[in-house]
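# What the coordinates show
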Amino acid sequence: MAEYSICKCIRTDKPLKRNGKYPIYLRVRVGIRDTKIPTNLDAFPEQWDKRKNEPKNKALLIQLNKKVLELDLHINRCLADGQELTLDLIRDFYSGKRKIKPELGSFYDYYLDFVERKRKEGINPETIRVYMTTYNMMKEFRKEFRICDVSLSLIEKFDDHMREINGNSSGGRNPKHKNLRTVILDIQKHNIPIENPYRFFKMPNSEVKEIYLDKSELHRLIEYTKRFAPTTKEYQILKMYQFSCFCGLRFSDAMDLEWRHIDFQNNLIRKIMIKTKTEVITPLFPMACEILLEKIRHKAIKDTDKIFYQYAEPTVNQTLRKHTRMAGIDKHITYHSSRHTFATLLVMDGVDIYKISKYLGHKSVNMTQRYLKYDLSIAKESAKDISTFSGNNE
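What counts, and where the lines are drawn
Residues numbered from 1 in each chain as written. Predicted model: local features only at pLDDT ≥ 70, side-chain atom pairs only at ≥ 80, totals over all residues. Heavy atoms only, no water. Axes fitted to C-alpha atoms, helices over the stretch in contact; angles between N-to-C directions. Helix = DSSP H or I, 4+ residues; strand = E, 2+ residues; numbered from the N terminus. Left-handed = near helix turned anticlockwise from the far one by under 90°. Contact = heavy atoms within 4.5 Å. Salt bridge = Lys/Arg side-chain N within 4 Å of Asp/Glu carboxyl O. Buried < 20%, exposed > 50% of the residue type's maximum accessible area, 1.4 Å probe, protein only. Expected span 1.5 Å × (residues − 1). Arc of directions from axis to C-beta.

## Side note on the packing of helix H8 (residues 233-247) against helix H10 (residues 286-296)
Between two packed helices, what matters for the description is the angle formed by their axes and the separation of those axes. At a minimum axis distance of 8 Å, the contact between H8 and H10 shows a crossing angle of 145 degrees. H10 is crossed by H8, and the crossing has left-handed handedness. Two secondary-structure elements touch here, H8 through Tyr-235, Lys-239, Gln-242, Phe-243 and Phe-246 and H10 through Met-287, Ala-288, Ile-291, Leu-292 and Glu-294.

Below, the structure is given as structure tokens:
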């Protein structure tokens, strides 16, 4: 098997382009022979790192590395197919590049293009994060594979990898499979020949457990928060969480909340939700209002000022888990549980589910029903005012 190497080079021996840059090539060596392949990229001479032999600009370097990886992948596939590696084979790859069947392309390249399309469409950043978590886990499982390599066997092995190597439960594996299935369906939608193995694959059960704080737990957390100074990270995060328990805003909307979204005169919160791009109008209940009033005492504010400090969601969730445990609350608390707390406590107080649905900004009551943890506590509270089966016939 012929040895080969791929190096980046800037062609200062070529005429300077009109933009003042020199073209970038890939120098490919096979055995003792080599050739130079244009990349359609260019750089200013001072932006080229002569020691590392690569662009100093990170964005340009990423583009160039992608081209190197693409060529390296093609060479290895040819070798795996038993083909003899020659410079002509490499030249043919570039001259006939557009004729390569799309199903022979990299699945990962398609996956990243799909995620980028969704990002530009304005999909929720948290959903993008989940897609990228799936991508990184797939790369751990297998560094590269083609679109046509997708099969039931591949999906089953990926599921085994998540369960046995990463220790993911059914609930942890479920969203990863959903991400993969969505991308595969998108590939089919674009008329690229591919089998959908999820027709035969049994999806792991999500095993959703909706966590919420009951009234006593919420009161305990409020009292616990008083031990921290208002300027501390712990106080700010715990208060922001309590605010969402009192109004039902998602983490993304709490982070995006500005003073112009607050109508103190009519006791309302009114804003466009980050996830759905639709408007939500929800009551500003007294306990939520109290948190906001505390923030503006002795402080000048602008309508466009953010209300809450901009913490990253992982930091918020880590802080919540640590301090809810220290407050004596034995539940796996994340910021999203505040939304479930809001809905569940309202239904326990007898608020109509249709009103709750509007408060949460849900499109249908069915979505709201999934938020409600209907357990013994709710059953006992909701039964208090029902006289139908009381035995009194009056």
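## Considering the pattern of salt bridges
Under the criterion given, the structure shown has 24 salt bridges. We note a salt bridge from Lys-189 to Asp-186, for which the minimum N-O separation is 3.7 Å. Of this pair, Lys-189 and Asp-186 both sit in helix H6 (residues 170-189), three residues apart, which is roughly one turn of the helix. Classification of Asp-186 as buried rests on a relative accessible area of 4%. Among the salt bridges present, the one from Asp-256 reaches Lys-271, with a minimum N-O distance of 3.0 Å. Of the two residues, Asp-256 sits in helix H9 (residues 251-256) while Lys-271 sits in strand E7 (residues 268-272), which places them 15 residues apart along the sequence. You can call Lys-271 buried: its relative accessible area is 2%. Shared partners join several salt bridges into a network, and the residues in it are Arg-250, Asp-253, Asp-256, Glu-258, Arg-260, Lys-271 and Lys-306.

## Description of helix H5 (residues 152-165)
With 14 residues, H5 should cover 20 Å at 1.5 Å per step; its first-to-last C-alpha distance of 19 Å lies within 8% of that length. All of the buried residues along H5 are Leu-154, Ile-155, Phe-158, Asp-159, His-161 and Met-162. Mapping the buried residues of H5 onto a view down its axis gives an arc of 155 degrees, with all of them on the same face. Two residues or fewer after H5 comes Gly-167, characterised by a positive phi angle close to 70 degrees.

## Notes on the environment of Tyr-212
You can see Tyr-212 is positioned in the loop between H6 and helix H7 (215-225). By relative accessible area, Tyr-212 is classed as buried at 4%. Each C-alpha atom of the pair Tyr-212 and Ile-165 lies 31 Å from the other, and the pair is 47 residues apart in sequence.

## Some words on H7
Of all the positions in H7, only Glu-217, Leu-218, Leu-221, Ile-222, Tyr-224 and Thr-225 are classed as buried. End-on view of H7: buried residues confined to an arc of 165 degrees, all on one side of the axis. Buried residues along H7 sit in contact with H8, H10, helix H11 (313-326) and helix H12 (337-348).

## Focus: the environment of Val-68
Relative to the assigned elements, Val-68 resides in helix H1 (residues 58-80). Residue Val-68 is classed as buried on the basis of its relative accessible area of 18%. Sequence-distant contacts of Val-68, that is, excluding residues within four places in its chain, are made with Ile-6, Lys-8 and Leu-26.

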